[in-house]
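Listed below, chain by chain, are the residues.
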Amino acid sequence: MAKILVISDIHANLVALEAVLQDAGQVDQVFCLGDIAGYGPLPNECIARLRSLSNLTCMMGNHDFAALGDLPLETFNHEARKALHWQKKVLTAESKQFLGELSQTMVVNGDVSLVHGSPRDSIWEYIMNTLSARMNLNAFETSWCFMGHSHFQAIFQYTLEKDEITIEVPRQGETYAMRERAFLNPGSVGQPRDRDPRAAYAIYDPQAQSWEPHRVAYDIHTVQQQILDAGLPARHAERLAGGW
Ligand code: ZN
């Protein structure tokens, strides 16, 4: 049995990342689907922690891209923008180098294509519904595509016989047999948006072809305090408790 930890959208939330790593236990590989930076208080520390993991494959997210570059930040809402300006200031040269080397386009690993957003546009496009899933179905060639970006744990399952895509919201504790083609989203480590404030991740077993979605509680109060202490928008602290 091989155990691959699939994480996404850490958003500089080190306490949530540590909780996930501890809950997942020993793993053989880590797929990180991007957005290490943005929103949260400890981007450098999250990057250092990721760099300490062996067998890491990591994608670039839209917040990582924005925190690095000269992109006009108008594409982000007012408060996300504030956090990005702040991150641009605090990111060390080493952290920027790590972010700069992340993959901006789809990475194929065995039976899986890895993206931040979608196969067509790895950094920016959201797969939120069956229409966007359908439009991306021919943009990758592997059986499965793992993506983040939406901060929702979800499986978009394609059934060839009916030529149909359905959305499944995974239940904690269930193991999904991966059949036919599908888009799988492990949810967000550092800022879940499905009204469940617990950190989200998934375990993928390439031999068993199974996907286990997980949630783990972490010390949200500490992170809220870190956000306020850093002078980041209070709204980013508030939303963590509500899972939005
Ligand atoms: Zn994100």
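Going by the structure above, here's the rest.
Here is what the cut-offs are and how they apply
Residues numbered from 1 in each chain as written. Predicted model: local features only at pLDDT ≥ 70, side-chain atom pairs only at ≥ 80, totals over all residues. Heavy atoms only, no water. Donors = N, O, S within 2.8 Å, 3.2 Å for Na, K, Ca; no water. Tetrahedral: all angles 85-135°; square planar, octahedral: opposite > 155°, others 65-115°. Helix = DSSP H or I, 4+ residues; strand = E, 2+ residues; numbered from the N terminus. Buried < 20%, exposed > 50% of the residue type's maximum accessible area, 1.4 Å probe, protein only. Arc of directions from axis to C-beta. Contact = heavy atoms within 4.5 Å. Polar contact = N/O pair within 3.5 Å; in protein donor to acceptor, adjacent residues only side chain to side chain. Phe/Tyr/Trp six-rings, centres within 6.5 Å; stacked < 30°, edge-to-face > 60°. Patch = residues over 30% accessible without salt bridge, like charges linked within 9 Å, V, L, I, M, F, W, Y side chains within 5 Å. Areas by Shrake-Rupley, 256 points an atom, 1.4 Å probe, with all protein chains shown as cover. Salt bridge = Lys/Arg side-chain N within 4 Å of Asp/Glu carboxyl O.

Visitor: Hey, could you run me through the coordination of the zinc ion in this one?
Guide: In an ideal tetrahedron of four donors about a metal, each angle is 109.5 degrees. In an ideal octahedron of six donors, the angles are 90 or 180 degrees. Of the protein atoms, only D9 (OD), H11 (NE2), D35 (OD) and H151 (NE2) coordinate the zinc ion, at distances of 2.1 to 2.3 Å. Around the zinc ion, the four donor atoms are arranged such that angles at the metal cover 86 to 177°; this shape is classified as irregular. All donors of the zinc ion come from a single chain, and their spacing in sequence reads D-x1-H-x23-D-x115-H. With D9 in the loop between β1 (4–7) and α1 (14–24) and D35 in the loop between β2 (29–32) and α2 (43–51), this residue pair connects regions lying 26 residues apart in the sequence. For the pair shown, D9 and D35 are each scored as buried.

Visitor: Got a minute to help me understand helix α7 (residues 220–229) in this structure?
Guide: Residues spaced three or four apart along an α-helix point in a common direction, a consequence of the helix completing one turn every 3.6 residues. Within the sequence span of α7, burial applies to I220, V223, Q224 and I227. Looking straight down α7, one finds its buried side chains confined to an arc of 105°; they lie on one side. What points out from α7, more than 90 degrees from its buried face, is the exposed set H221 and D229. Taken together, the buried residues of α7 touch α1 and α8 (234–242). For α7, the N-terminal cap is D219; the gap from its side-chain oxygen to the backbone nitrogen of H221 is 3.3 Å.

Visitor: Is there a simple way to think about the packing of aromatic side chains in this case?
Guide: Any pair of aromatic rings gets described here by the distance separating the centres and the angle formed by the planes. Counted by the stated rule, this structure contains six aromatic pairs. Between F65 and W124 the ring centres are 6.3 Å apart and the planes differ by 85°, which places this aromatic pair in the edge-to-face class. On the criterion of sequence distance, the pair formed by F65 in helix α3 (residues 62–68) and W124 in the loop between β5 (112–114) and α6 (130–136) is long-range, its members being 59 residues apart. Its relative accessible area of 26% is what places F65 among the partly exposed residues. Take W124: its relative accessible area is 30%, and that puts it in the partly exposed class.

Visitor: Mind showing me how you'd approach a nonpolar patch on the surface here?
Guide: A surface patch of nonpolar side chains, about 270 Å² in accessible area, is lined by Y126, M128 and F152. For M128, the position within the fold is in the loop between β5 and α6.

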